[in-house]
Amino acid sequence: MRDNVVQSSVPALHTEALRLEDGNHCLLDDINLRLCADGITVIMGHNGAGKSVLLRVLHGLIPPSAGRITWRGDALTPEITRRQSLVFQKPVLLRRSVAANIDFILRARGLRDEALRWDALRRVGLLDMRDHPARRLSGGEQQRLALARALVTSPELLMLDEPTANLDPGATQMIERIVTETAVQNTKVIFVTHDIGQARRLADDVVFLHKGRLAEHSPAAAFFDAPKSAAAQAYLSGDILT
Amino acid sequence: MQDFGAAFSLAFELVMRADRDLVEIVLLSLRVSLSAALLACLIGLPLGAFLAAARFRGRGTVIVTLNALMGLPPVVVGLLVYLHLSRAGPLGFLGLLYTPTAMIIAQTILITPIVAALSRQVLEDLNAEYAEQFRAFGLSRWQSMQALLWDARYALVTVSLAGFGRAIAEVGAVMIVGGNIDHVTRVMTTAIALETSRGELALALALGLVLMVLALSINAAVQGVRMNAEKRAYA
C-alpha cells in the first residue's frame, strides 16, 4: 500500500532486507525500499535514525551486513557507484581553483570536454568565480560547487546528505532550485533532510526512518497530510508545535 | 683572537671574489645534495602517499620503521654504502667508491626515509579529509594518491627542503664514501672538517658562511611558499 507512488512507474532503486551492524549495534534493520526512476525522494527522520548511513550504503561506501541493493535491476558495483553522485553535508573541496575542482572529476571519468565544465559552473552560478581558490568560497558557494561537481558527470542518481544544513535561506533556496531542475532532467534524486519545510517543498515521496528501521514510505501529499506511522506523526506534530 | 679576525676577513674576501676552489666545492655540494633530494622525493613521496592512503597488514610496522630510519646516523649509512661499493663488496665492480655518484647514493639513502615519513604524515591528515569523497567519486588508489600529492604540494615542498637541508649539512656519509678528494669529491662539509683540522680557518669559515646563507635562503623560501599557499587557502 505504501508503495503506490512507486508502482506508478518503474522501480529503479530496490533494497531487500537491508541490514547494517556496527559491533553489536544495529544501525539499519530490514530496510525494504522500492524507489521509482524519477522525482525526488526525501529521506527524513530524527538525528541518529540512520539517514546518512542509509545514503552511504545505497552509494556503496559502506557494505551492508546483510541484504541486497539493486540499481536498475543490477546489483550495486563500483561501476554503478561511478554513475551516481553523492553530495555531503559539509562539502569536501580540493585545494585548487573552482574550475580545477570540476576538471578533477572530469579527468577521473575520462571526460575531456571543456563545455561540460562551463555548463556545470553556469548551472550553479559560479562561472564568474572559476579562478577563485575553492576553499575561499562562502559556505553556500562551496556547496554549489560540490553540487556542480556532482552533476557534471550526468549521474543517473544524485544523493544529497543534508546539503543545506549549514546554509542561510538564500543559499538554501539556490540549492533547492538546482536540485529541482536536476530532478526534471532524468536524474533520480534522493535528498536527506530533517527540515520539514524543505521536505514539503521538494518531496515527491518521503521515506521516514525511525531507529534504523523504515517507518513509512508514502507519496509526499499523503505523508504530510496523514502520516501512517506513529513515529512520523510524532515527528511532524512535534516540529509543528515548537 | 687576532687570527680569528684575520681568518674572518679572508673568508669574506674569498666569498666576495668567488674563489675558484670555493665555487667548485659549493657547486659539487649542491649537485650531490640536490640530486640526492630529487631521488629521495621520487622514491619517498609516492611511498609516503601509498602509506597514507593504503591499509594493509604490517602497515604500522612499516611506519614505525620508517620513522626510526629518519634518525639514521650519517656515518652508519656511509659505512653501509662503503661496504657495498668497496672493491670486495657486492657492488664493487661498479667502481663507484670515492665518486660523487657514491655520495649521491649515500645521501639518498639517508634522506629518503625523512621525505617518506614526513610526507606520510602530511598526506595522512589530508587523506582523512578526502578519503570518503574520493571513494564516493569511485577513484582508484592511484588516482587518490596523485590527487593527495598534488593537493599537499605546498607542504611537500617543505618536506623535500627538509630532506635537502639534512643532505647538504651532513658530513659523515659523504666523508666515508667520497673520501674528501680535492677537486673530485670535496664538498662543503668535508672541506670545513678538513680545513679546520689543518688550522686553515679562512676557507673553512668561508664555506661555513655559504652554508649558513644557504640554510637561511632555504628557510626563507619555505616561509614564502607557505605564506603564498595560506593566502589562497591551499595549505
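Everything below is about the structure printed above this text.
Just so we're clear, the structure is a prediction, and the values are computed from it rather than from any experiment.

Caption draft 1: Looking closely at the interface of chain A and chain B. Taken together, the 21 residues of chain A in the interface contact 22 residues of chain B. Both faces combined, the contact of chain A with chain B buries some 2,000 Å², and carbon together with sulfur accounts for 51% of it. Joining chain A to chain B, the criterion identifies four salt bridges. Note that E132 of chain B is salt-bridged to R56 of chain A, the shortest N-O span being 2.6 Å. Joining chain A to chain B, the criterion identifies 15 residue pairs in polar contact (both at pLDDT 80 or more). Those elements that provide at least two residues to the side of chain A that touches chain B are α2 (51-59) and α4 (98-108) of chain A. At three residues, α4 of chain A tops the list of elements feeding residues into the side of chain A that touches chain B. The residue inventory of the side of chain A that touches chain B, partitioned by class, reads 10 nonpolar, three polar and eight charged.

Caption draft 2: Region of interest: the pairing of strand β9 (residues 205-210) of chain A. Residue and element names in this part refer to chain A. For β9, the tally of buried residues reaches five of six residues, placing the bulk of the element in the interior. Note: strand β3 (residues 40-44) against β9, four bridges, orientation parallel. Bridging from a neighbouring strand, I43 pairs with V207 of β9. As defined by bridge partners, β9 adjoins strand β10 (residues 213-219) across six bridges and the pair is classed as antiparallel.

Caption draft 3: Structural view of the packing of helix α2 (residues 20-53) of chain B against helix α6 (residues 141-151) of chain B. All names here are of chain B. It is the contact of α2 with α6, at a shortest axis distance of 9 Å, that shows an interaxial angle of 115 degrees. α6 is crossed by α2, and the crossing has right-handed handedness. Residues L45, P46, A49, F50 and A53 of α2 touch α6, and the partners they reach there are R141, M145, L148 and L149.

Caption draft 4: Inspection of the sheet that holds strand β7 (residues 157-161) of chain A at higher detail. All names here are of chain A. Strand order in the open sheet made by the six strands is β6-β7-β8-β3-β9-β10, with mixed pairing throughout. Each having just a single partner strand, β6 (84-87) and β10 make up the two edges of the open sheet. Within this sheet the neighbouring strands show an average axis-to-axis angle of 15 degrees, counted without direction.

Caption draft 5: Structural detail: the packing of aromatic side chains. Scanning the model with the defined rule gives seven aromatic pairs over all chains in all. Aromatic pair F50 of chain B and F56 of chain B: ring centres 5.6 Å apart, planes at 25 degrees, arrangement stacked. The exposure class of F50 of chain B is partly exposed, given its relative accessible area of 30%. Aromatic ring contacts, followed pair by pair, group F104 of chain A together with Y130, F134 and F137 of chain B into a single cluster. Just above the ring of W118 of chain A sits the side chain of R117 of chain A; from NZ or CZ to the centre is 4.4 Å. The ring centre of W118 of chain A lies 5.5 Å from the NZ or CZ of R130 of chain A, which sits over that ring.

Cut-offs applied
Residues numbered from 1 in each chain as written. Chains lettered and ligands numbered in written order. Predicted model: local features only at pLDDT ≥ 70, side-chain atom pairs only at ≥ 80, totals over all residues. Heavy atoms only, no water. Contact = heavy atoms within 4.5 Å. Buried area = accessible area lost by both parts, 1.4 Å probe. Salt bridge = Lys/Arg side-chain N within 4 Å of Asp/Glu carboxyl O. Polar contact = N/O pair within 3.5 Å; in protein donor to acceptor, adjacent residues only side chain to side chain. Helix = DSSP H or I, 4+ residues; strand = E, 2+ residues; numbered from the N terminus. Nonpolar A, V, L, I, M, F, W, Y, C, P; charged D, E, K, R; others polar. Buried < 20%, exposed > 50% of the residue type's maximum accessible area, 1.4 Å probe, protein only. Pairing = 2+ DSSP bridges. Axes fitted to C-alpha atoms, helices over the stretch in contact; angles between N-to-C directions. Left-handed = near helix turned anticlockwise from the far one by under 90°. Phe/Tyr/Trp six-rings, centres within 6.5 Å; stacked < 30°, edge-to-face > 60°. Lys NZ or Arg CZ within 6 Å of the ring centre and 35° of its normal.

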